Amino acid sequence: MQYHSLKTNSVKASFADALLASLAPDGGLWMPDSLPNFTPEQTAQMGAMSFADCAAKLARYFVDDSFSDDDLRALCRDAYDFPMPLVESTGRVMDSATPEIASDYFLELFHGPTLAFKDFAARFMGRAASHLMGKSGETRTILVATSGDTGGAIGDAFLGQDGINVFILYPKGGVSKVQEQQLTTMGKKGCNIHAICVDGTFDDCQALVKAAFADQALSVKHHLMSANSINVGRVIPQSFYYFWSSLQIKAAHPGKRIVYSIPSGNLGNLTGGLIARKMGAPIERFVIGHNVNDPFVDYLKTGEYTPRPSQPTLSNAMDIGRPNNFPRIVDLFGGDFDALSAVCWGASFTDDETERYMRRYHARTGYVMCPHTTVGQLAMDAFGNAFADDVETDFIKVTVATAHPAKFADSVERILREDVPLPEPLAKAFRKKPRVHVMTPELSSLADYLSVTLDPK
Ligand SMILES: *Cc1c(COP(=O)(O)O)cnc(C)c1O
């Protein structure tokens, strides 16, 4: 597959260059030149495979010839060695072999090592990058700005990989206690994962990373690479779980229409969903839930897109005022706003609404959602109310559960007044001593720290 820049379509790259360079030389986002479009017979076959094997089959179209079919199967089986259940709010897991009466599910994408959906993309990307760099002896320095979950997933995926150093920049006081513990305890002292606590906001972290890339000398010196969702390698694997899960639902509920609700920030997860739909996944619509950082919701209502500075909320991983992937989404519809708004429907919610709904939903069903998933479920409810007649009879509704509630134990326990037990990976992080470099949000501070860490004299 060839990739092109969304700024200048004639600027092209191979998969390796698109992945390892992150942004096109003209500053544009990379997009694949085309997408496969599978027939219903082909999709049915792929739905009958395991998730990992289906992912390998899809990945075939996006990588290059340096990956054999066997390489891809091994890579995906290794990356995706954890479950991805579709569960009802009662906790019952969907099973296509038994008749179903349910019409509402959570697609729980938080059973990977860092307990958020970012593991799906990070684990594929990490293994693909290491395959491509493989024998070359090249080195790369990954800079990643995080509002909490991306940093953990990327750190975990690249931990111990030769030739790669990862620097995770997170805002002081801007991530949950559990996330901070996870980010600052990866691997051992002297390993290749380095946590940086920036005395500033998430926007400051993102601006620092951008400034580092824009500094040619610095960028060349350390072979900088981005692991944020500007990297096309982060977005493509997010199509795999929409593709496969929608086929499981189709098999259990033939004849029904399928709608997914996605709690969103940078819109990378939605971009993955739209790519899956274009490849032939039986998904009718997407509902997009935002917190008050909602320029995309305004866009869906009016066709006018006005990014703005982000505000801190309860669902901190979605505190994004200028979603990275907006240009990719417009491009997937060829710039046709009517086509886009016929597929995507959005709604946004305040922290008060989110807290109340989390409490009410828990009281009614016993299901505990993280604040992000709560926004997604609220948006699905609003969609159901807006199209009541159709939705109740015709649709299977799937809310994407993006993080384990224990990752946000500080807020979830306060809201539900109930303990949220820590799963083992998090309990383990709490037994370790944090290692973190604290610095001001200035490029010179970052450059100094990179030099001291990477070229110790
Ligand atoms: C990253 C994240 C989101 C937002 O996903 P985008 O791809 O940025 O839209 C939502 N929920 C959680 C828990 C996240 O970590």
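Look above for the structure.
Criteria and cut-off values
- Residues numbered from 1 in each chain as written.
- Predicted model: local features only at pLDDT ≥ 70, side-chain atom pairs only at ≥ 80, totals over all residues.
- Heavy atoms only, no water.
- Axes fitted to C-alpha atoms, helices over the stretch in contact; angles between N-to-C directions.
- Helix = DSSP H or I, 4+ residues; strand = E, 2+ residues; numbered from the N terminus.
- Parallel < 35°, antiparallel > 145°, perpendicular 65-115°, else oblique.
- Left-handed = near helix turned anticlockwise from the far one by under 90°.
- Contact = heavy atoms within 4.5 Å.
- Nonpolar A, V, L, I, M, F, W, Y, C, P; charged D, E, K, R; others polar.
- Buried < 20%, exposed > 50% of the residue type's maximum accessible area, 1.4 Å probe, protein only.
- Near = heavy atom within 4 Å.
- Polar contact = N/O pair within 3.5 Å; in protein donor to acceptor, adjacent residues only side chain to side chain.
- Areas by Shrake-Rupley, 256 points an atom, 1.4 Å probe, with all protein chains shown as cover.
- Domains from an automatic or database assignment.
- Pairing = 2+ DSSP bridges.

Comments concerning the packing of helix 4 (residues 69-79) against helix 5 (residues 118-133)
Right, so step 1: Contact geometry for helix 4 and helix 5: axes closest at 9 Å, N-to-C directions at 140°. Here helix 4 lies oblique to helix 5, going by the angle between them. Here helix 4 and helix 5 pass one another in a crossing that is right-handed. The residues of helix 5 that touch helix 4, namely those facing D71, L75, C76, D78 and A79, are R123, F124, R127, A128 and H131.
Right, so step 2: Here the residues of the contact of helix 4 with helix 5 are counted per class, giving five nonpolar, one polar and four charged.

Some remarks on unusual backbone geometry
Right, so step 1: Of note, S22 is a non-glycine position whose phi angle comes to about 70°, a positive value.
Right, so step 2: Residue position: S22 is located in the loop between helix 1 (15-21) and strand 3 (30-32).
Right, so step 3: Residue classification places S22 among the buried residues on the basis of a relative accessible area of 1%.
Right, so step 4: The backbone of R417 shows a phi angle near 50°, a positive value even though the residue is not glycine.

Considering helix 6 (residues 149-158)
Right, so step 1: The element helix 6 is largely enclosed, with a buried count of nine among its ten residues.
Right, so step 2: Turning to helix 6, its buried residues number three or more, namely D149, T150, G151, G152, A153, I154, G155, A157 and F158.
Right, so step 3: Summarising the contacts, the buried residues of helix 6 are in contact with helix 5, strand 6 (140-145), strand 7 (164-171), helix 7 (177-183), strand 8 (193-198) and helix 10 (232-235).
Right, so step 4: Once helix 6 finishes, G160 follows within two positions and takes phi at roughly 80°, a positive value.

Let's talk about the site of the ligand
Right, so step 1: Near the ligand there are 15 residues, and of these K118, D149, G265, N266 and L267 occur at the shortest range.
Right, so step 2: Contacts to the ligand include T402, whose side-chain N or O atom sits 2.9 Å from a nitrogen atom.
Right, so step 3: Burial of the ligand by the protein chains amounts to 96% of its free accessible area of 380 Å².
Right, so step 4: In terms of residue class, the shell around the ligand is made up of six nonpolar, seven polar and two charged.
Right, so step 5: Looking at the shell around the ligand, you find at least three residues from each of domain 1 (84-111 + 233-416) and domain 2 (117-228 + 423-457).

Description of the sheet that holds strand 11 (residues 285-290)
Within a sheet, each strand pairs with its neighbour through backbone hydrogen bonds, oriented either parallel or antiparallel.
Right, so step 1: Read across the open sheet, the six strands follow the order 4-5-13-10-11-12; overall the sheet is mixed. The sheet terminates laterally at strand 4 (86-87) and strand 12 (344-348), the two strands that pair on one side only.
Right, so step 2: In terms of strand pairing, strand 4 meets strand 5 (residues 104-108) through two bridges, oriented antiparallel. By the bridge assignment for strand 5, V87 is matched with F106.

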